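So the chains spell out like this:
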Amino acid sequence: MMSCSSPLLYSCSVHPIVIILLLVAMVAWSHRCIKNIWAIYKFWEIRNFYKNTLKISLSELRDFTWPDVVERLKKVQINHRLIIQKRELNELEDVYHRILRFTNYEVALINKAILPTKLYVPFYGEKVFLTGSLMYNYRFLLFHGPRAVFKDSFSLRDEYRDGKQREEVARKLRNFIAIVALVNLIFSPLIFFYQILVSFFTYGELVKHKPGTFGTRRWSEYGRLYLRHYNELEHDLNMRLCTSYEKASFYISHFHSPVLAVLAKHIAFIAGGLFAVLLVLTVIQEGLITAPYILTSISLLGIIVTTSRMFIPEESSKGTPKQLMLELRNHLHYIPDDWLMKPHTTEVQKEFTQVFQYTVVYILDELLSPLITPFVLYFKLRPKALDIVNFFRQFTIEVSGVGSVCSYAEMSVQRHGHPGWSVFPDASMPRPTQIEQAELGKTEMSLVNFKSKHPKWKPGETEANFLSNVSEATQSLMTSFTPGDPDQSLLFRPTRASAGLHPLSNIQSIHSNDWAVLSMTQSGAVNVDEMTVLSHLHDQHMQRSREEGQVSIRVEEPRSSSQVPSWGLSTVVRHFQQPPAPAPLTAPLLQPHSSQSLEEETITTSMVSGHSLPPLEDVTARSSGGSLSGSSDSTTKTTGMSDAPHKTDH
C-alpha cells in the first residue's frame, strides 16, 4: 500500500499551474541555452574567418579598428575574390549593405513613420510603445517569416516589385498580419509568464544589491532606431549614446516636482532612520538577525531609501535646458526643431522621455508587451499593409552581387535629401518629393558620418559636392571664430597636443566619436565637428525662413552679403537653395505622417505644388536618375518599382 509520503503521491498533488510554470521555465532556459550555443558557434566562425582569411590573430585584433578590418578585407578581395562578381570591394555596398540590410530598412520605416509606434493611454495621452518582442514580430512579418516581404535573406519577393499587384499583395500581407496577431493572442498567457520568468532571472539579483538601477534611465528601443544613422554599426551607435547619456540625464533633472522632492526626502529620512536602527540592533544583538522579518525589513527599507533618492534632484546645475539640448544635438544629431526652440517646456520633456526612459518603465513595457502586441499588430499594423507594400516597392534597389537593399541606405542627397539640409548646386536638378526625402536630415547626417568613418570611400558626384560644401562651411567657421562667443563655442572642440591641428578642409580628419562641446585652446588651435556645423547651417536656414514668414521659398539668385550672418557664414546660401514646393522641413518626433497611403500623399504633394500627378511608378524613377553614392563601374543598381523586375545574379 502506497504511503502518503510517497514521491508519486506527492507529485500527483502538485497544482497544474505550478506544472505549467515549470514547463515555461524549462522552455525559457532551453531557449536561452540554444541561443547562447548558436552565438558561440557564430563567433567561432567569425574567429576562423579573421584568423584564416584576413590573417588577423587574436592578439593583433585588439589593436584593429573596424575601418582597419574593412581595409584588410578589401586587400584580401583582390587576391582571393571573396565576391566573384567584383575585383574590388566597395565599403558601402559590399560590406555595410550586407551587414545592415534589414537594419537600414527598420531605420527608414521609423524615420518615415510607416511602422506604428504609438498608443493612446488613458489619463496620459500618446505614448511610444516599441518593445523588443514587438520588434521581433515586425521583423518576422517583414524579413524572416514564411510569407514575409523578403523571400530569403537577400532578395525582395517579385510580386512586391510589380505595381499592378500591389492591392493583391497588400491583401495577402493583411491576412498574414492577422494570422500572426491571432497566434500572439492565443499564446499571450504563456508568453506573458515567459517574460515574467526572464525578467525575474535577469533583474531579481539587482532588487537586493542594486535597487537604484531601476531608477536610472536608458535609451528606449524606439530611441535607438530613431537616433541611428543609416549604415551605422551597433558599436558606433552605442558609443554615441553612451557619450550623450550624462547630458541627457542633466537635461531631465531640470524637470522635477518640488512637492515630490519634499515628499521623497521625508520618506527617505524615515526609512533611513529605521534602517539604521535595525542595523545597529543586529550588531549589538547578533541573534536578532535570525528573528522573523528582520532581514526582510532591512532589505525593504534599503530599497525604499534608494527609490526615494531617485526623486530628489541634484543641487548643482549643469547648464540650462537650452544649452544641454544643443550639446545633446552635437552627439545625437536628430533633434527636432521644436525641441531646440522650446527645450524648457514640459511637452518637450515628455517627448524626450519617450526616447530616454526609466529602466523600470522599460521592464514594465516588456512585461506587458505579450498582452498588447496582438492588438497593435491587428489594429495598428494591419491597416498599414498597403503603405508597407508601397514603401518596399518604391524604396528598394538591386545591387549586383548584394541583392535588395533600401535606397535610403545609399545616402543619395539627390534622391532622398531634405530641402532644409541638402545641397543642390544645380537649380535644374530634380528635387525629392516629401515622400522620398528623409526627415531630420538623416540622409545628410548619415553621409557625413559614414565618410568620417571611411575616408577612402568614394561617393557619387552629387554626394562628393555636398561633402565638399560642408567642408568649406567648416573652414569658413574656423577662420571667423570669435573667442568667447558662447554660440560658437558649441561648434568647436580642442585639438589634441599630440595630434596637431586637423586639416579642416578635409572631412577625412573628423572622427564622430571625438565630439565635445568646448571652445578653442590656449594656443589658438581649434577643431570643428562638421556634423555640428551642418546642424548649425540648418538652424540658419530655418531662422531665415521664419524671418521671411514662410517655411520654404525658392531663391533664383544668390543673396547679398548683407543677409549672411555677421560671423563668417559666407557659404550658407549656396548650401541651402530652397525647394520650389512648400513642404514641412522636419517631422516632429511624436507627430508622424498621417496614415494615408503613399499614393494619397503623392496626390496631396502634387496638388500643393501645382503640378499634374505623374504615374506612381514614375515618381521614384524620376528622382533616381542621378548618380547614387558609392557607385562603381562594376556595380549595377536598379530600382524595384517597374512592372518587370530587374534580375541580378547573387
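Criteria and cut-off values
Residues numbered from 1 in each chain as written. Predicted model: local features only at pLDDT ≥ 70, side-chain atom pairs only at ≥ 80, totals over all residues. Heavy atoms only, no water. Helix = DSSP H or I, 4+ residues; strand = E, 2+ residues; numbered from the N terminus. Buried < 20%, exposed > 50% of the residue type's maximum accessible area, 1.4 Å probe, protein only. Contact = heavy atoms within 4.5 Å. Areas by Shrake-Rupley, 256 points an atom, 1.4 Å probe, with all protein chains shown as cover. pLDDT = per-residue confidence, 0-100. Core = buried A, V, L, I, M, F, W, Y, C linked by side-chain atoms within 4.5 Å. Expected span 1.5 Å × (residues − 1). Arc of directions from axis to C-beta. Salt bridge = Lys/Arg side-chain N within 4 Å of Asp/Glu carboxyl O. 1 Å grid on protein atoms, 1.4 Å probe; cavity = no way out; pocket = protein on both sides within 12 Å on 5 of 7 lines; lining within 4 Å. Points joined across faces, edges and corners; volume = space filled by probe spheres on them. Nonpolar A, V, L, I, M, F, W, Y, C, P; charged D, E, K, R; others polar.

(A) Structural detail: the overall build of the protein chain. A count of helical and extended segments in the protein chain gives 26 helices and 9 strands. In the protein chain, which comprises 650 residues, the share counted as buried stands at 49%. Nonlocal contacts in the protein chain, meaning residues at least 24 apart in sequence, comprise 75% of its contacts between residues at least 6 apart. For the protein chain, the exposed area adds up to about 31900 Å²; of that, 62% sits on carbon and sulfur atoms.

(B) Structural detail: the confidence of the model for the protein chain. Of all residues in the protein chain, 72% attain a pLDDT of 70 or more, and the chain-wide mean is 75. Scored below 50 in pLDDT, residues 493–527 shows 82 contacts in the model against residues more than four places distant or in partner chains. Low pLDDT (under 50) marks residues 551–636, which in the prediction has 202 contacts with non-local residues, meaning those over four places away or in another chain.

(C) Representation of unusual backbone geometry in the model. One non-glycine residue, Arg 81, adopts positive backbone phi at about 55°. Within the secondary structure layout, Arg 81 lies in the loop between helix H4 (66–80) and helix H5 (91–99). Owing to a relative accessible area of 38%, Arg 81 belongs among the partly exposed residues under this scheme. For Asn 231, which is not glycine, the phi torsion reads 60° and is therefore positive. Residue placement: Asn 231 occurs in the loop between helix H10 (221–226) and helix H11 (234–253).

(D) Just the nonpolar core, in detail. Core analysis: the biggest nonpolar cluster contains 96 residues, and Tyr 138, Trp 219, Phe 352, Leu 377, Phe 391 and Phe 392 have the highest contact counts within it. Considering every element that reaches this core, the biggest residue donor is helix H8 (residues 166–186), with 7 residues.

(E) Molecular detail of H4. With 15 residues, H4 ought to run about 21 Å at 1.5 Å a step, and its terminal C-alpha atoms sit 21 Å apart, in line with that. Every buried residue of H4 is accounted for by Val 69, Val 70, Leu 73, Lys 74, Val 76 and Gln 77. For H4, the angular spread of the buried residues around the axis is 165°, confining them to a single face. Set apart from the buried face of H4 by more than 90 degrees, the exposed residues are Lys 75 and Asn 79. Of the surrounding elements, those touching the buried residues of H4 are helix H2 (16–53) and H5. Looking at the residues trailing H4, positive phi occurs at Arg 81, about 55°.

(F) Seen up close, the pattern of salt bridges. By the definition in use, this model includes 19 salt bridges. Close ionic contact of Glu 398 with Arg 161 constitutes a salt bridge, the shortest N to O distance being 2.7 Å. Of this pair, Glu 398 sits in strand E5 (residues 396–399) while Arg 161 sits in the loop between helix H7 (132–144) and H8, and the two are 237 residues apart along the sequence. Each member of the pair Glu 398 and Arg 161 is classed as buried. For Glu 234, the salt bridge goes to Arg 228, with nearest N and O atoms at 3.1 Å. In this structure Glu 234 comes out as partly exposed when scored by relative accessible area, which is 37%. Three or more residues are tied together by salt bridges with common partners; here these are Lys 151, Asp 158, Arg 161 and Glu 398.

(G) Seen up close, the layout of surface pockets. A volume near 910 Å³ is recorded for the second largest pocket. Taken together, 30 residues line the second largest pocket, and the ones lying closest to its centre are Arg 217, Ile 252, Phe 255, Gln 349 and Tyr 358. Listing elements by their share of the lining of the second largest pocket, those giving two or more residues are H11, helix H16 (346–355), strand E4 (356–358) and helix H17 (359–381). Of the residues belonging to the lining of the second largest pocket, the class tally is 13 nonpolar, 10 polar and 7 charged.

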